[in-house]
Amino acid sequence: MFSIIVVPPPTSEDERSGAQLRLAPGERLVFGRAVPEGGMLIAHDGVSRRAGEITAHGTFWTVSNLSARQTYVVENPEGAGEHIKVAPGRLDAPVPFEFSRIVLPAAGDLLPVEVWAPRHDYVRAADGTDGEPTAPAFSVDRTKRYFAVLAALCEPRLRGAPHAPLPTMDQVVERLRPAWPAASRTSVQWNIDYLAVKLRLKPGPETADPGPRLNGKKESLVSLALRFDLVREDDLVVLAAPSGQALR
């Protein structure tokens, strides 16, 4: 059973052939400018002869950087700029992303190698448990106005632009109008301040020590929300809620 799918980088002769290489758990794929039969050939003068190796595991994969000098970057195209760096000579670096892009610097070019790990294994839920349930790490109510504010802040990066600038306050207000006609800069800012306390980015007003001033509050909120999946793309429906189901 295949668990990893590798999409080779485009070439000047064939920009995107649609070719896919499928690996079963335990299989390895060498890539580079001069590879043995069964490897992934990347015909570019800026790529090492044996540039690296991908190894498939059950639900994830590892990458080895076989180059002598060049660091590789593995990006999460669906995330909020998440990436890992694989130093020259590093072997079997685990990659945690379901959809990944290995970026190979090659004499002025950046060659993308896409790797997909679609297999998911989950623990089976127990039939019954004793004791008190575990408290949630983050408690959010998706029917509240503060969640709509958070969704509006996260929307540009959830729409497939992980490095997109965050919306301005006026843009957030305008985006919230379908579900919250009375939204204003003041009310949106109040909800942002409330989220910073609720998600424990800063102490609450009842705390004696207010702590340091939180700079980049919106950036911190969006980063936290996207890292821990507090807001997903499906949640963006709250921004277009019909007037009969206005947010509370």
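Scroll up for the structure.
This is a predicted model, so every value here is computed, not measured. (Residues numbered from 1 in each chain as written. Predicted model: local features only at pLDDT ≥ 70, side-chain atom pairs only at ≥ 80, totals over all residues. Heavy atoms only, no water.)

(A) Just the overall build of the chain, in detail. Of regular secondary structure, the chain possesses four helices and 11 strands. Within the chain, the fraction of its 248 residues that count as buried is 38%. About 14600 Å² of surface is accessible on the chain, with carbon and sulfur atoms providing 52% of the total. (Helix = DSSP H or I, 4+ residues; strand = E, 2+ residues; numbered from the N terminus. Buried < 20%, exposed > 50% of the residue type's maximum accessible area, 1.4 Å probe, protein only. Areas by Shrake-Rupley, 256 points an atom, 1.4 Å probe, with all protein chains shown as cover.)

(B) Broad picture of the packing of helix 2 (residues 169–176) against helix 3 (residues 185–198). The N-to-C vectors of helix 2 and helix 3 enclose an angle of 100 degrees; their axes lie 9 Å apart at closest approach. Here helix 3 runs roughly perpendicular to helix 2, going by the angle between their axes. Taking contact as the criterion, the partners of Met169, Asp170, Val172, Val173 and Leu176 in helix 2 are, on helix 3, Arg185, Val188, Gln189 and Ile192. Of the residues belonging to the contact of helix 2 with helix 3, the class tally is six nonpolar, one polar and two charged. (Axes fitted to C-alpha atoms, helices over the stretch in contact; angles between N-to-C directions. Parallel < 35°, antiparallel > 145°, perpendicular 65-115°, else oblique. Contact = heavy atoms within 4.5 Å. Nonpolar A, V, L, I, M, F, W, Y, C, P; charged D, E, K, R; others polar.)

(C) Molecular detail of the packing of helix 3 against helix 4 (residues 217–227). The N-to-C vectors of helix 3 and helix 4 enclose an angle of 55 degrees; their axes lie 10 Å apart at closest approach. Viewed along their axes, helix 3 and helix 4 adopt a mutual orientation that is oblique. The two elements helix 3 and helix 4 cross, and the hand of that crossing is left-handed. Residue-level contacts link Gln189, Ile192, Asp193, Leu195 and Ala196 of helix 3 to Lys217, Lys218 and Leu221 of helix 4. The residue makeup of the contact of helix 3 with helix 4, split by class, is four nonpolar, one polar and three charged. (Left-handed = near helix turned anticlockwise from the far one by under 90°.)

(D) Structural context of the sheet that holds strand 5 (residues 52–56). One open sheet holds the five strands; their spatial order is 4-3-5-6-9, and the pairing between them is mixed. Only two strands of the sheet have a single neighbouring strand rather than two, namely strand 4 (40–41) and strand 9 (93–95). Pairing between strand 3 (residues 28–32) and strand 4: two bridges, direction parallel. From the neighbouring strand, Phe31 faces strand 4, where its bridge partner is Met40. (Pairing = 2+ DSSP bridges.)

(E) Focus on helix 3. Given a rise of 1.5 Å per residue, 14 residues ought to cover 20 Å, and the 20 Å separating the end C-alpha atoms of helix 3 matches this to within 8%. Ser187, Val188, Asn191, Ile192, Leu195 and Ala196 are the residues of helix 3 that are buried. Looking at the buried side of helix 3, the elements it contacts are helix 1 (145–158), helix 2 and helix 4. Arg200 sits one or two positions beyond helix 3 and adopts a positive phi of about 65 degrees. (Expected span 1.5 Å × (residues − 1).)

(F) Highlighting the side chain of Ser100. Here Ser100 is to be found in strand 10 (residues 99–106). Classification of Ser100 as buried rests on a relative accessible area of 2%. Separated by 3.3 Å, the side chain of Ser100 and the backbone oxygen of Phe97 make a polar contact. Not counting residues up to four positions away in its chain, the partners in contact with Ser100 are Trp61, Val74, Glu75, Pro77, Val95, Val113, Glu114 and Val115. (Polar contact = N/O pair within 3.5 Å; in protein donor to acceptor, adjacent residues only side chain to side chain.)

(G) Structural view of the pairing of strand 11 (residues 109–116). As paired elements, strand 1 (residues 4–7) and strand 11 share three bridges and run antiparallel to each other. The partner of Val6 across the bridge, within strand 11, is Val115. One ladder, built from eight bridges, connects strand 10 with strand 11; its direction is antiparallel. The partner of Ser100 across the bridge, within strand 11, is Val115. The antiparallel hairpin formed by strand 10 and strand 11 contains two residues in its connecting segment, where Ala107 sits at a positive phi of about 50 degrees.

(H) Representation of unusual backbone geometry within the structure. Its identity as a non-glycine residue notwithstanding, Asp92 has a phi of 50 degrees, on the positive side. Along the chain, the position of Asp92 falls in the loop between strand 8 (83–86) and strand 9.

(I) Looking closely at the sheet that holds strand 10. With antiparallel pairing, the six strands of this open sheet are ordered in space as 2-1-11-10-7-8. Lying at the two open borders of the sheet, with one neighbouring strand each, are strand 2 (21–23) and strand 8. Across the sheet, the axes of successive neighbouring strands diverge by a mean angle of 25 degrees, strand direction being ignored.

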